[in-house]
Amino acid sequence: MWREYSISYIKNNRASSISILAAAFISALFLSFLCSLFYGFWVYEVEGIILEEGDWQGRITWDSDSDRDRDLLMMIQNFGNVKKVVVNEELSSGQEIAADIYFEDARSIFRDMPLIAERLGAEEGAVSYNLKLLSRYLIHDPQDDSPPLLMTFYLLILLMVSLSLILIIRNSFAMSMNARIHQLGILSSVGASPGQIRTCLIQEAVMLSVVPILVGSMIGIALSFGVIQAIELIAADIPGRHEAGFRYHPMVFVVTILSSFLTVLGSAWIPAGKLSRMPPLEAIRNTGE
């Protein structure tokens, strides 16, 4: 019954349905485009830092002693959070050993590195960090009064823009469904429970939004691919840069789709929640401002 009611409402209210379709499509498209473009630029930035400075996270040096160098390396390797330790041949010499350290969880690096240096008996200035690379993963030195926050700033802008796109979907649903409070109040007065009405509205939301969200997300990925290729053509003659190429991760797609669908479902929940707190007669008198 409720499925037939939803289909009938969609067919008989084309303008409202088209507005929801358009809002879901446009929001999913731009959300997918911005997220995939941001991810591609982030990967490009990380790759540039690795090519220039290496992918090490922490580095420690000590005076070389052939009798104990191997034991010191094993001591670092056996430290709880250390993933691997590699001797840096370019920086090491007969008098000094430089070891590059990689961590399982780099977020604790500023706590772990001093502990490692203390165990080795290394001097205070023997520890160094790949600060530029760590900052791209939003990891900053807690003792630094002015850490590099450019990536954090970009991420905040992305979140604000994404939130505004998500609100387009929400507001489109809110306008459409709040206008139906009168109709839904009539259904409530003849015995329909808020749970049944909620199920009906979610059915409509899913029917109207599945295709435009999926299509919009795919087109957003294609647009980001086209933009990256255009940038590559324009910047082809710039010396000293590495090739960007198109980078994408399945989690970007998952986040885009999940954000859009959660917004749709949350928006469909609004009228049912409103009705559950509203007497049926009051809902019937509602004019849907």
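Everything below is about the structure shown above.
Heads up: these notes are all about the structure in this document. (Residues numbered from 1 in each chain as written. Predicted model: local features only at pLDDT ≥ 70, side-chain atom pairs only at ≥ 80, totals over all residues. Heavy atoms only, no water.)

As enumerated under the stated definition, the model contains six aromatic pairs in all. For the pair Tyr 39 and Trp 42, a centre-to-centre distance of 6.0 Å together with 40° between the ring planes defines the contact as tilted. You can see Tyr 39 and its partner Trp 42 sitting in helix α2 (residues 14–53), three residues apart, about one turn around the helix. Residues Phe 225 and Phe 246 carry aromatic rings whose centres are separated by 5.4 Å and whose planes lie at 80° to one another, so their mutual orientation is edge-to-face. (Phe/Tyr/Trp six-rings, centres within 6.5 Å; stacked < 30°, edge-to-face > 60°. Helix = DSSP H or I, 4+ residues; strand = E, 2+ residues; numbered from the N terminus.)

Here the focus is a nonpolar patch on the surface. Residues Val 206, Met 251, Val 254, Val 255, Leu 258, Leu 262 and Leu 265 make up a contiguous nonpolar surface patch of about 580 Å² in total accessible area. Per element, the largest residue contribution to the nonpolar patch is six residues, and it comes from helix α9 (residues 250–276). Relative accessible area serves as the criterion here: at 54%, Leu 262 is assigned to the exposed category. (Patch = residues over 30% accessible without salt bridge, like charges linked within 9 Å, V, L, I, M, F, W, Y side chains within 5 Å. Areas by Shrake-Rupley, 256 points an atom, 1.4 Å probe, with all protein chains shown as cover. Salt bridge = Lys/Arg side-chain N within 4 Å of Asp/Glu carboxyl O. Buried < 20%, exposed > 50% of the residue type's maximum accessible area, 1.4 Å probe, protein only.)

With 40 residues, α2 should cover 58 Å at 1.5 Å per step; its first-to-last C-alpha distance of 58 Å lies within 8% of that length. Looking one or two residues past α2, Gly 54 carries a phi angle of roughly 100°, positive in sign. (Expected span 1.5 Å × (residues − 1).)

Right, let's talk about the side chain of Ser 32 for a bit. Its place among the elements puts Ser 32 in helix α2. In terms of polar contacts, Ser 32 uses its side chain to reach the backbone carbonyl oxygen of Ser 217, at 2.7 Å. Setting aside chain neighbours within four positions, we find Ser 32 in contact with Gly 216, Ser 217, Gly 220, Ile 221 and Thr 256. (Polar contact = N/O pair within 3.5 Å; in protein donor to acceptor, adjacent residues only side chain to side chain. Contact = heavy atoms within 4.5 Å.)

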